[in-house]
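Chains, contacts and geometry: an overview
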Amino acid sequence: MQKETKTKILFFVIMVGSVCMLTAVVTDHWAVLSHRVENVNTTCEAAHFGLWRLCKKHIYIEDEELIGKGCGPISLPGEMNCSYFRHFTPGEDSEIFEVKTQREYNISAAAIAIFSLVFMILGTLCVLGSLRKGKDYLYKPAGMFFAFAGLCAIISVEVMRQSVKRMIESEETIWIEYYYSWSFACACTGFVLLLLSGIGLLLVSMPQMPRNPWETCMDAEPEQI
């Protein structure tokens, strides 16, 4: 496979990975939490959150089989109330714990995600610069930037995972069930694609290896571009 074909494939993978990561950053379906259903003919509370805000939904429960189980699914109709983390007004002890925990972890996760976006922008600028003839040397910094973006993405994912774990395991929490949603999957997909495509660009940017062990790099045939 020629170098030009390889770079086109890598650029497409980078584009898909960047879209996945950007989608994860701007959406708030990283994790879904639910209360225990205690009674029927009343409302229970479920929530989903991302890097920037938490949305709570009050769902009306009629099915007696749901008693003792988690509230949901969150796709059921109900009154939704979303708040950005900086706008929380704590009330009960459990809610105070919830707000404090989310603020601590989400500030870290959001900051790391922003670094990922910055690396993606820098990598994209290098890719655009490499489109000019004779600018192939920009593949190397572009690959490094996209690989760094992937690493920041997985660190942000891990911080959010620890946030959910701490909330669920705490004795003060009111949430009993959780699962990771599609924004979380987008972030994981972005991590894989950005890291692999970044490493791929680094490999493509390396000089062509000699075909015979007695050749030197200077003796090897020039690359076909």
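Residues numbered from 1 in each chain as written. Predicted model: local features only at pLDDT ≥ 70, side-chain atom pairs only at ≥ 80, totals over all residues. Heavy atoms only, no water.

Just so we agree on the cut-off: UniProt positions are given in the numbering used here, feature names are shortened, and annotations may be inferred rather than shown by experiment.
An unreviewed UniProt entry annotates the protein as Voltage-dependent calcium channel gamma-1 subunit originating from Cyprinus carpio carpio. Looking at the Sequence similarities (unreviewed entry) heading of the UniProt record, one finds this comment for the protein: "Belongs to the PMP-22/EMP/MP20 family. CACNG subfamily."

**Thoughts on the state of the cysteines**
Note the following rule: The term disulfide is used for any two cysteine sulfur atoms that are within 2.5 Å. Helix numbers and strand numbers start at the N terminus; a helix is a DSSP run of H or I with at least 4 residues, a strand a run of E with at least 2.
Applying the stated criterion across every chain yields a total of one disulfide. Across the disulfide from Cys55 sits Cys82; the S-S distance is 2.0 Å. Because the sign of the S-S torsion sets the handedness, a value of about 115° for the bond joining Cys55 and Cys82 places this disulfide among the right-handed ones. Of this pair, Cys55 sits in strand 3 (residues 53–61) while Cys82 sits in strand 4 (residues 78–84), and the two are 27 residues apart along the sequence. Take Cys186: it sits in no disulfide, and the sulfur closest to it among the cysteines is that of Cys20, at 5.3 Å.

**Details of a negative patch on the surface**
Definition in use: Candidates for patches are residues over 30% relative accessible area with no salt bridge; among them, like charges are joined within 9 Å and nonpolar side chains (Val, Leu, Ile, Met, Phe, Trp, Tyr) within 5 Å. In these tables, accessible area is a Shrake-Rupley quantity obtained with a 1.4 Å probe, and a residue counts as shielded only by the protein chains included in the view. Note on definitions: salt bridges are taken to be side-chain nitrogens of Lys or Arg within 4 Å of carboxyl oxygens of Asp or Glu. Positive charge is attributed to Lys and Arg, negative charge to Asp and Glu, and no charge count is given to His or to the chain ends. For this purpose, a charge sits on NZ of Lys, CZ of Arg, CG of Asp or CD of Glu.
The grouping of Glu62, Asp63, Glu64 and Glu65 at the surface amounts to a negative patch. Looking at the element boundaries, Glu65 is found in the loop between strand 3 and strand 4.

**Side note on the pairing of strand 3**
Here is the rule we go by: Between any two strands, at least two bridges found by DSSP are needed for them to pair.
Bridge analysis of strand 2 (residues 42–49) against strand 3 gives eight bridges, and the strand direction is antiparallel. Bridge pairing in strand 3 links Ala46 to Lys57. Taking the residues that link successive antiparallel strands as the turn, the strand 2-strand 3 hairpin has three residues.

**Let's talk about a nonpolar patch on the surface**
There is a patch of nonpolar side chains on the surface, built from Trp52, Tyr84, Ile114, Val118, Ile121, Leu122, Leu125, Leu128 and Leu131 and spanning about 840 Å² of accessible area. A per-element tally of the nonpolar patch places helix 2 (residues 93–130) first, with six residues. With respect to the helices and strands, the residue Ile114 is situated in helix 2.

**Structural notes on the packing of aromatic side chains**
What counts is decided by this rule: Aromatic pairing here means that ring centres of Phe, Tyr or Trp (its six-membered ring) are within 6.5 Å. Orientation follows from the plane angle: under 30 degrees is stacked, over 60 is edge-to-face, and everything else is tilted. Here the term buried applies to any residue with accessible area under 20% of the maximum for its type, exposed to any over 50%, and partly exposed to those in between, with areas from a 1.4 Å probe on protein chains only.
For the structure shown, the criterion picks out six aromatic pairs. Between Phe119 and Phe145, the ring centres sit 6.3 Å apart and the planes meet at 25°, which makes this aromatic pair stacked. Residue Phe119 is found in helix 2, and its partner Phe145 is found in helix 3 (residues 139–169); the two are separated by 26 residues along the sequence. Judged by relative accessible area, which is 21%, Phe119 ranks as partly exposed.

**Description of the packing of helix 3 against helix 4 (residues 182–205)**
Put simply, the test is: To obtain each axis, a line is fitted to C-alpha atoms, and for helices this fit is confined to the stretch in contact; angles are then taken between N-to-C directions over 0 to 180 degrees. Under this scheme an angle from 65 to 115 degrees is roughly perpendicular, one under 35 degrees roughly parallel, and one over 145 degrees roughly antiparallel; angles in between are oblique. Here a crossing is taken to be left-handed if its near helix is turned anticlockwise relative to the far helix by less than a right angle, and right-handed if that turn runs clockwise.
Between helix 3 and helix 4, whose axes approach to 7 Å, the crossing angle comes to 155°. Considering their axes alone, helix 3 and helix 4 lie roughly antiparallel with respect to each other. Here helix 3 runs over helix 4; the crossing is left-handed.

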